[in-house]
Amino acid sequence: MSRVLVVGGTGLAGRAVTAEAIERGHDVVVAARRVPDDDADAYVNGAAYVTADLVTGAGLEEAVDGVDVIVDTSNAVGKRAAHVFAVGAQNLVHTAARFGVHRAVVLSIVGVEGSSYGYYRAKAAQERAYRESPLDTRIVRATQFHDFVTAIFERGRPVGALLAPSGTRFQPIAVGDVARVLVDVAEGAGEPDSVLHIGGPRVESARSLAEQWKRASGTRRFILPIRLGGGLGATWRAGRNLVPEHAVDGVHYSAWVDSRA
Ligand SMILES: NC(=O)c1ccc[n+]([C@@H]2O[C@H](COP(=O)([O-])OP(=O)(O)OC[C@H]3O[C@@H](n4cnc5c(N)ncnc54)[C@H](OP(=O)(O)O)[C@@H]3O)[C@@H](O)[C@H]2O)c1
């Protein structure tokens, strides 16, 4: 049994990691800026919660004290991304190194390297902060979560549509499958200072996935192809978000949408 700190453990991926690590018998501490009430959805029974802010550094010492492994599942969007991923990761790795934390596992995204998309550049800076630290850093780059792909489709709701990025394929993965890999790596799977890629079981066009969501959800909205501009659109259309050679034998999108419907 190890003491595992899940940074961002109240978020989508973090909650799944927290539950998986507790299930495997680890002693789990969750750090986030807001600690959930024990009847909230974000609360995982058996975890200890610490209020900490990656950007200001408040609470980080308490969070890392006595920890063997950090799993970083923090997230931020817009202008906050650069702060949380670059500044926050620096604050965390320096504090962790001072407190003798041995290993860090970072959840990143397939295709962040070399992309001009601002959020991906922030993720690349986060990876760098860990890589340059004295910690045994293992980066796990995952493809888009089932939930995220669905959220893209649902962006079309205000105009009565499901938005499907044109010329784009996804390899969506279940958050539970990502969590299992992250906990395997936290337990020592893989190599020190390595980058591991994982993707969902199947590569499919955005349109085909949107059709599956349309059928399962029963919506009458039409599928609207959109051309995504900027660095994100370019990265996705080039297929740099795909790793078919690293497909996990996990939950297919079609099964996930049925479970949601
Ligand atoms: N979505 C995808 O398809 C996908 C695919 C591959 C990888 N990823 C990566 O997976 C990671 C997790 O994504 P997610 O969607 O699960 O995140 P999320 O649900 O948005 O959760 C983010 C977590 O980070 C915490 N957080 C935010 N700012 C913080 C700060 N300053 N200090 C401490 N904690 C902070 C949040 O809690 P508080 O707000 O209370 O602080 C929350 O616990 C991200 O790094 C993302 O890049 C996502």
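For the structure, see preceding data.
To keep things clear, this report deals only with the structure shown in the data block. Every chain's residues receive numbers from 1 upward, in the order its sequence appears when written. For this predicted model, a pLDDT threshold of at least 70 governs which residues receive local features, and a threshold of 80 or more governs which side-chain atom pairs are given and counted, while totals over whole chains, interfaces and linings are taken from all residues. For the side-chain quantities, the full set of heavy atoms in the structure was used; hydrogens and water were omitted.

1. What about the sheet that holds strand β6 (residues 136-142)?
In sheet architecture, strand pairing relies on hydrogen bonds along the backbone and comes in two forms, parallel and antiparallel. Paired strands are those between which DSSP finds at least two bridges. Secondary structure is summarised from DSSP: a helix means a run of H or I of at least four residues, a strand means a run of E of at least two, and numbering begins at the N terminus for each. Overall, parallel pairing links the seven strands, which are arranged β3-β2-β1-β4-β5-β6-β9 in an open sheet. Both edges of this open sheet fall to β3 (48-51) and β9 (194-198), since each of them pairs with a single strand only. On average, adjacent strands in this sheet sit at an angle of 20 degrees to one another, irrespective of strand direction. Note that strand β1 (residues 3-7) and strand β4 (residues 69-72) share four bridges and pair parallel. Paired with V4 across the bridge in β4 is V69. Every residue pair with non-hydrogen atoms within 4.5 Å of one another is taken to be in contact. With axes taken as lines fitted to C-alpha atoms, and helix axes fitted only over the stretch in contact, angles between N-to-C directions fall between 0 and 180 degrees. Each of β4, β5 (103-109) and β6 is contacted by helix α4 (residues 118-131), which is oriented at about 165 degrees to β5, the strand it contacts most. Sheet strands touched by helix α6 (residues 175-186): β4, β5, β6 and β9. Its angle to β5, the strand with the most contacts, is close to 155 degrees.

2. Here we look at the side chain of T168
Inspection of the secondary structure assignment puts T168 in the loop between β7 (161-165) and β8 (169-170). Separated by 3.0 Å, the side chain of T168 and the backbone oxygen of S166 make a polar contact. The residues touching T168, leaving out its near neighbours within four places in the chain, are S205, A206, W236 and R237. Counted as a polar contact is a pair of N or O atoms within 3.5 Å, where, for protein atoms, one must be capable of donating a hydrogen and the other of accepting one, and residues adjacent in sequence contribute only when both atoms are in side chains.

3. Some thoughts on the packing of aromatic side chains
Planes of paired rings set the category: under 30 degrees apart is stacked, over 60 is edge-to-face and the rest tilted, where pairs are Phe, Tyr or Trp rings (Trp by its six-membered ring) whose centres lie within 6.5 Å. Counted according to the given criterion, the structure contains eight aromatic pairs. An angle of 80 degrees between the planes, with centres 5.5 Å apart, marks the rings of F85 and Y119 as edge-to-face. Taken together, the positions of F85 in helix α3 (residues 80-98) and Y119 in helix α4 put the pair 34 residues apart, joining distant regions of the chain. Each member of the pair, F85 as well as Y119, carries the same accessibility label: buried. Between F170 and W236, the ring centres sit 4.9 Å apart and the planes meet at 80 degrees, which makes this aromatic pair edge-to-face. Placement of the pair is F170 in strand β8 and W236 in helix α8 (residues 230-237), with a sequence separation of 66 residues. Each residue is placed in one exposure class: buried if its accessible area under a 1.4 Å probe, protein chains only, is under 20% of its type's maximum, exposed if it is over 50%, and partly exposed if it falls in between.

4. Details of the site of the ligand
Residues in close proximity to the ligand total 28 residues, the closest being T10, R33, S74, Y119 and K123. The side chain of T10 places a nitrogen or oxygen atom 2.6 Å from an oxygen atom of the ligand. Contact distances for the ligand include 2.7 Å between an oxygen atom and a side-chain N or O atom of Y119. We get accessible surface area from the Shrake-Rupley algorithm with a probe of 1.4 Å; when it comes to residues, only the shown protein chains can shield them. Considering the ligand on its own, with 910 Å² of exposed area, one finds that the protein chains cover 88% of that surface. Listed by contribution, the elements that provide at least two residues to the shell around the ligand are α1 (12-23), α3, β5 and α4. Each residue is assigned to one class: nonpolar for Ala, Val, Leu, Ile, Met, Phe, Trp, Tyr, Cys and Pro, charged for Asp, Glu, Lys and Arg, and polar for all the others, Gly among them. When grouped by side-chain class, the residues that make up the shell around the ligand number 14 nonpolar, nine polar and five charged. Definition of nearness: a residue and a molecule or strand are near each other if at least one heavy atom of the residue lies within 4 Å of the molecule or strand.

5. Some points on unusual backbone geometry
A positive phi is found at D193, a non-glycine position, where the angle reads about 55 degrees. Tracing the chain through its elements places D193 in the loop between α6 and β9. Assessed through its relative accessible area of 57%, D193 is described here as exposed.

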